[in-house]
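Structural characterization, general
Listed below are the residues making up each chain.
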Amino acid sequence: MKYNSIPELMGGKSGVRIGVDMDDTFFPFVGGLVEWHNRAYGTDWTIGQFNTYKFSQVPGFPVNAEERVREYLESDFHWNLAPLEGAVEGIRELASRNELFLMTSRNGKYRDRTLEYINRQFGDGVFKEHFFTYNHYTKDGIGTKAEMCREENIGIVIEDTVENAQELCNGRVTTIMIDWPWNREFRNSKAFRVRGWI
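As the structure is a prediction and not an experimental result, all values here were calculated from the model. (Residues numbered from 1 in each chain as written. Predicted model: local features only at pLDDT ≥ 70, side-chain atom pairs only at ≥ 80, totals over all residues. Heavy atoms only, no water.)

Next up on the list: the environment of N164. By secondary structure assignment, the location of N164 is in helix 8 (residues 162-170). With relative accessibility at 5%, the residue N164 sits in the buried group. Considered as a pair, N164 and A146 are 18 residues apart in the sequence and their alpha carbons are 7.8 Å apart. (Helix = DSSP H or I, 4+ residues; strand = E, 2+ residues; numbered from the N terminus. Buried < 20%, exposed > 50% of the residue type's maximum accessible area, 1.4 Å probe, protein only.)

Moving on to the pairing of strand 4 (residues 127-132). Of the strand pairs in this sheet, strand 3 (residues 99-104) and strand 4 are connected by five bridges, and their pairing is parallel. When the sheet's bridge partners are listed, F101 is paired in strand 4 with E129. Assessed by its sense of winding, the connection that carries the chain from strand 3 through helix 6 (residues 111-122) to strand 4 is right-handed. (Pairing = 2+ DSSP bridges. Right-handed = clockwise from strand over helix to strand, strands pointing away.)

Looking now at the nonpolar core. In terms of nonpolar packing, the biggest core is built from 47 residues, with F26, F50, F55 and F127 touching the most fellow members. If you tally residues by element for this core, the top one is helix 2 (residues 29-41), at five residues. Residues M148, C149, V157 and V173 belong to the second largest nonpolar core, which totals 10 residues. (Core = buried A, V, L, I, M, F, W, Y, C linked by side-chain atoms within 4.5 Å.)

What is shown is where atoms sit, not what they do.
What follows is the structure, given as C-alpha cells:
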C-alpha cells in the first residue's frame, strides 16, 4: 500500500517503538553522493540511475565503487548535507509520542561523526538508543535490523533498502519504505510505501 507521507501513514499513533534507518530515510546519502561525484569527477549522474544500492552494479559507477564511497563518506561535503525535506520536523514529531531507535547500517568507523551529525540536526535525546547494525555490503555491524527489533521489541522500522526490508518483513516487523528507484520492485504485505516525510 502506498501513502504520500510518513505522518499520513502513522496517523497520530503513540506509544510505539520505532526503528529509523539513517541513509536515504532522513539523510540524503545517494543524492549527496550523486552531487558530490558530479562536482568532484565531472560526471552527470542522477538518482534515477541508482536502481540498486549495490553501487558497483550501477551503470556508469566506477570499478572502484567502495573507494569512491569511502572518499565521499570522509568528505566535509557529506557531513554538511541537510536532512531530507521534512525529516527533522517529522522525526521530532514521532519522537514526541513514541520511542525512536536509530538503526543504521553505517560502518562503525563513522559512529562518532554520525552521532555528532544526528545531535547537530535533531538535538540530544530524539533517539533512545543508536544501533549500528549489520551492513549487507561491508559485512560488519552488531546484528541485523530484524534481530535488533526482536531483542528491543521494535514493531515498526522506517527503511529504504530491499535487503533490510525483506529481513524485517520476514521477521514480522512492519516496514515503512521511503520510495526510491532502488526499492521500487519490493512488495510485501508487511511493507508500506511512502513518498517521504511531507
